[in-house]
Amino acid sequence: MTAPDIHATALIGAPSYEAALPLHWTPLAEAIGGLRREQYNDDNLRVLAAVAVLDESRSSLVPDEAAALDAEIGRLNQKLNLVIDLLGFLIAQQAAAPPAGRVRLSWQGAVFVGPQAAGEAGLLSLQLHRSVPQPFIWPARISHVDGEERHARFAPFGDALQTALERHVFLRHRRAIAGHRRGGS
């Protein structure tokens, strides 16, 4: 048995994180370009911006012995987060989202379990946050098959989208490492 070609995999030494994410693969007969690709680009930038805002609001803490106004803003922020979570939950109940599965995501692509064949092109759709019902959708190609795992490499991004996805992945990667260190201590 030969070792997998590292250049064929979706995660070539780039930061990545693993999560249970709803994932859907739609096979493509031809490449996506033009206006449709621009629309996916714009939509994905909005998805990543919404996820970033929700992640930042979750991690911000009211400073100790904060002024009364800061404490009240913190309480309002927590209440707004609860409303956003409940709204996301209600929308998710109404939508026919695919079941969550184990996904390892980097800015270069994703590794997931599926029936796709090597070389198959498709649209990879991932719901990155439970409170953001709109998925991240981008063209990808299955570059490597390892048992049940499929390594999908994303088609090239525009600079802004690549930067936003790199930031999202890096922050989740760093959070996973910090959680692992706290759990191991």
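Structure: above.
Residues numbered from 1 in each chain as written. Predicted model: local features only at pLDDT ≥ 70, side-chain atom pairs only at ≥ 80, totals over all residues. Heavy atoms only, no water.

### Regarding the sheet that holds strand β1 (residues 17-27)
Right, so step 1: Around the barrel, six strands lie side by side as β1-β2-β3-β6-β5-β4; this closed barrel has antiparallel pairing. Taken pair by pair, the neighbouring strands of this sheet meet at an average axis angle of 50 degrees, ignoring direction. (Pairing = 2+ DSSP bridges. Helix = DSSP H or I, 4+ residues; strand = E, 2+ residues; numbered from the N terminus. Axes fitted to C-alpha atoms, helices over the stretch in contact; angles between N-to-C directions.)

### Quick word on the pattern of salt bridges
Right, so step 1: On inspection of all chains with the given rule, the structure shows four salt bridges.
Right, so step 2: Across the pair Glu 149 and Arg 102 runs a salt bridge whose closest N-O atoms are separated by 2.6 Å. Here the residue Glu 149 occupies a position in strand β6 (residues 149-154), and Arg 102 occupies one in strand β2 (residues 100-105), the gap between them amounting to 47 residues.
Right, so step 3: Given the relative accessible area of 22%, Glu 149 is considered partly exposed. (Salt bridge = Lys/Arg side-chain N within 4 Å of Asp/Glu carboxyl O. Buried < 20%, exposed > 50% of the residue type's maximum accessible area, 1.4 Å probe, protein only.)

### Side note on the nonpolar core
Right, so step 1: In this structure, Phe 112, Leu 124, Leu 128, Phe 136 and Phe 154 are the most contacted members of the largest nonpolar core, which totals 30 residues.
Right, so step 2: At the level of elements, β1, α1 (34-59), β2, β3 (109-113), β4 (121-126), β5 (136-146), β6 and α3 (159-184) are the ones that each hand at least two residues to this core.
Right, so step 3: Residue contacts for Leu 128: discarding those within four places in its chain leaves Tyr 17, Leu 21, Val 47, Leu 48, Val 51, Leu 105, Phe 136, His 168 and Arg 172. (Core = buried A, V, L, I, M, F, W, Y, C linked by side-chain atoms within 4.5 Å. Contact = heavy atoms within 4.5 Å.)

### What to know about the environment of Leu 123
Right, so step 1: Tracing the sequence through the fold places Leu 123 in strand β4.
Right, so step 2: The class of Leu 123 is buried, set by a relative accessible area of 6%.
Right, so step 3: Residues Leu 123 and Pro 27, 96 residues apart in the sequence, show an inter-C-alpha distance of 6.4 Å.
Right, so step 4: Setting aside residues up to four positions removed in sequence, Leu 123 forms contacts with His 24, Trp 25, Thr 26, Leu 28, Ile 32, Arg 36, Tyr 40, Ile 137, Trp 138 and Pro 139.

### Topic: the packing of aromatic side chains
Right, so step 1: Enumeration according to the criterion identifies four aromatic pairs in this entry.
Right, so step 2: Taking the centre distance of 6.1 Å and the plane angle of 35 degrees together, the rings of Trp 25 and Phe 112 count as tilted. Of this pair, Trp 25 sits in strand β1 while Phe 112 sits in strand β3, and the two are 87 residues apart along the sequence.
Right, so step 3: When its relative accessible area of 2% is taken as the criterion, Phe 112 is described as buried.
Right, so step 4: Note on Phe 136 and Phe 154: the rings are 6.0 Å apart at their centroids and 70 degrees apart in plane angle, and the pair reads as edge-to-face. Of this pair, Phe 136 sits in strand β5 while Phe 154 sits in strand β6, and the two are 18 residues apart along the sequence. (Phe/Tyr/Trp six-rings, centres within 6.5 Å; stacked < 30°, edge-to-face > 60°.)

Keep in mind that these numbers describe shape and distance, not what the molecule does.
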